[in-house]
2 protein chains.
Amino acid sequence: MQNNETMDATQNHTQLFVKMAVDYWQGQNVRVDKLIDTLTDEQMMAETATGRNRGIYLLGHLAAVNDGLHTIMGWGERLHPELDEPFLKNADNTGHTYPTLAELKAYWHTINAELNKHISAMQPEQWFERHMSVSPEDFVKEPHRNKLNVLIGRTIHQSYHLGQLNYLNPRKVD
Amino acid sequence: MQNNETMDATQNHTQLFVKMAVDYWQGQNVRVDKLIDTLTDEQMMAETATGRNRGIYLLGHLAAVNDGLHTIMGWGERLHPELDEPFLKNADNTGHTYPTLAELKAYWHTINAELNKHISAMQPEQWFERHMSVSPEDFVKEPHRNKLNVLIGRTIHQSYHLGQLNYLNPRKVD
C-alpha cells in the first residue's frame, strides 16, 4: 500500500510536469499569436531595435524553430523546411527572398496546429523518451536529453525573441 | 516487481524533471552573468532600444524577481526588498534613486548564490509542494501551482529580458 501510494504520487508528478511544460509552451505561442495579430505589417517590417532583426525575420525564425520540432520529436516531416535557409542558417537582410507576412503568419498557425495534434496525442511517459538528435547510447548516459527537455528549451528560446518582438509594439510594454 | 519498476521509472522522472528545470534556470542566470560581465557601465546605462528600458533597470528588475523567489518558495527573507519599489512596482526613469551598477551586480550575485544554496538543499519531492502564493485549498485543485512551476516561469521571464539586454551588446548577437 505504501508503495502504491508512492507510485501514485510519482506518476502524478509525471503528468503534472508534462502539463506544466506544455502549458508554458502553448502559453508562449499564444503570446506570439496575440502580438502578431496586434502589429501592423509596417511594424512587422521594422527593426526591433536599431540594426537588429526585423519582426518578419523573427517570425520566420520562430516558425522555422517550431517546425523543426516535428523532426527532433520524431513526429514526422516538417511542413516548411524551406524556412531553414533564410531564417535559421542566415541572418536578417542577407539577400534571401522571404515569404510575405501573410504567408508567414499562415505557416506559423499551421505549424502550431499540427504540433498541437502531436502534443495532444503524447502519453506523459513518451515525453521522457530520447529526442532524435541524441543517440540511444548517449541517452543512456544523459536521460535528461528527452523530448520534454527540448520543449522547455524551445519555450525559453521563444520567450527570448518575444521580448524583442514586443519592442515593435508602440504601446509601452516591458 | 512490475509495480516497483514502474515506481522506479516515475521517481526517476521526478529527479530528471527537477534537474532539467534547475539546469535551465541556472543556465539562464549564467547567461546574464556573462552578459553583464561583458558590457561596460556606459552600455548598461543605455536604453536597450529607443524609448525602452535601460540595462540598469532590467538588471535591477531581474535581481528583484530572483530575490522574490525567497519569499514565494518559502526559503526565508528577501535579501534586498528595497529593489521592489524602483524595479518591480515602477517603470524605468520614474524618478527613483537606483543603486550603482556595481552595487546592483553585487546584489545579483549574492541573491543568486543564496538561491543556489536553497536549490541544492531541495529534495526532488519538495519541488512539487505548493508555492507560497497559492493557498492550500487552491493547491488541492491546482497541483501544478508548485515550486518547480514557479522556477520554470521565472526562467522563461528571465529569457524574455535577456533577449532585450543582449541588444546592449554591440557585437551582433541574435
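Basis of the calculations
- Residues numbered from 1 in each chain as written.
- Chains lettered and ligands numbered in written order.
- Predicted model: local features only at pLDDT ≥ 70, side-chain atom pairs only at ≥ 80, totals over all residues.
- Heavy atoms only, no water.
- Least-squares fit on C-alpha atoms with pLDDT ≥ 70 in both.
- Contact = heavy atoms within 4.5 Å.
- Axes fitted to C-alpha atoms, helices over the stretch in contact; angles between N-to-C directions.
- Helix = DSSP H or I, 4+ residues; strand = E, 2+ residues; numbered from the N terminus.
- Parallel < 35°, antiparallel > 145°, perpendicular 65-115°, else oblique.
- Left-handed = near helix turned anticlockwise from the far one by under 90°.
- Nonpolar A, V, L, I, M, F, W, Y, C, P; charged D, E, K, R; others polar.
- Phe/Tyr/Trp six-rings, centres within 6.5 Å; stacked < 30°, edge-to-face > 60°.
- Buried < 20%, exposed > 50% of the residue type's maximum accessible area, 1.4 Å probe, protein only.
- Buried area = accessible area lost by both parts, 1.4 Å probe.
- Salt bridge = Lys/Arg side-chain N within 4 Å of Asp/Glu carboxyl O.
- Expected span 1.5 Å × (residues − 1).
- Arc of directions from axis to C-beta.

Student: Residue-level account of the relation of the copies chain B and chain A, with values.
Tutor: When chain B is brought onto chain A, the operation consists of a screw motion whose angular component is 180 degrees and whose axial shift is 0.0 Å, with 0.0 Å RMSD remaining. Overall, the copies show the geometry of a two-fold rotation axis. Taken together, the interface assignments show that 100% of the residues at the interface of chain B recur at the interface of chain A, consistent with an identical surface on both copies.

Student: Now, about the packing of helix α3 (residues 55-72) of chain B against helix α5 (residues 101-121) of chain B: what can you tell me, with residues and values included?
Tutor: Residue and element names in this part refer to chain B. In contact at an axis separation of 9 Å, α3 and α5 are set at 25 degrees when each is read in the N-to-C sense. By the criterion of interaxial angle, the relationship of α3 to α5 is roughly parallel. The element α3 and its partner α5 pack so that their crossing is left-handed. Between α3, through I56, L59, G60, L62, A63, N66, D67, L69 and H70, and α5, the contact on the second element is made entirely by L101, L104, K105, W108, I111, N112, E114, L115 and H118. By residue class, the composition of the contact of α3 with α5 is 10 nonpolar, 5 polar and 3 charged.

Student: Give me the lowdown on the packing of aromatic side chains, citing residues and values where you can.
Tutor: Residue and element names in this part refer to chain A. Following the criterion strictly, the structure yields 10 aromatic pairs over all chains and no others. Aromatic pair W75 and W127: ring centres 6.0 Å apart, planes at 85 degrees, arrangement edge-to-face. Here W75 is found in the loop between α3 (55-72) and α4 (84-87), whereas its partner W127 is found in the loop between α5 (101-121) and α6 (136-141), with 52 residues between them in sequence. In this structure, W75 and W127 share a single accessibility class: buried.

Student: Describe the interface of chain B and chain A, and please don't skip the residues or the numbers.
Tutor: The interface of chain B with chain A comprises 46 residues on the first partner and 46 residues on the second. Here chain B and chain A share an interface that buries about 4300 Å² over both sides, 59% of which is from carbon and sulfur atoms. Contact with chain A buries area across many residues of chain B, yet R52(B), Y160(B) and Y167(B) alone supply 19% of it, more than any other trio. Here chain B and chain A share 0 salt bridges between them. For the side of chain B that touches chain A, the elements supplying multiple residues, two or more each, are α1 (2-38) and α7 (147-165) of chain B. Among the residues forming the side of chain B that touches chain A, the class breakdown is 16 nonpolar, 23 polar and 7 charged.

Student: Quick one: what's the story with α5(B), residue by residue and with numbers?
Tutor: All names here are of chain B. End to end, α5 covers 31 Å across 21 residues, agreeing with the expected 30 Å (1.5 Å per residue, within 8%). If you check which residues of α5 are buried, you get L101, L104, K105, Y107, W108, I111, N112, L115 and I119. Buried positions in α5, seen along its axis, are confined to an arc of 155 degrees and lie on one side of it. Facing away from the buried side of α5 by over 90 degrees, the exposed positions are A102, K117, S120 and A121.

What is shown is where atoms sit, not what they do.
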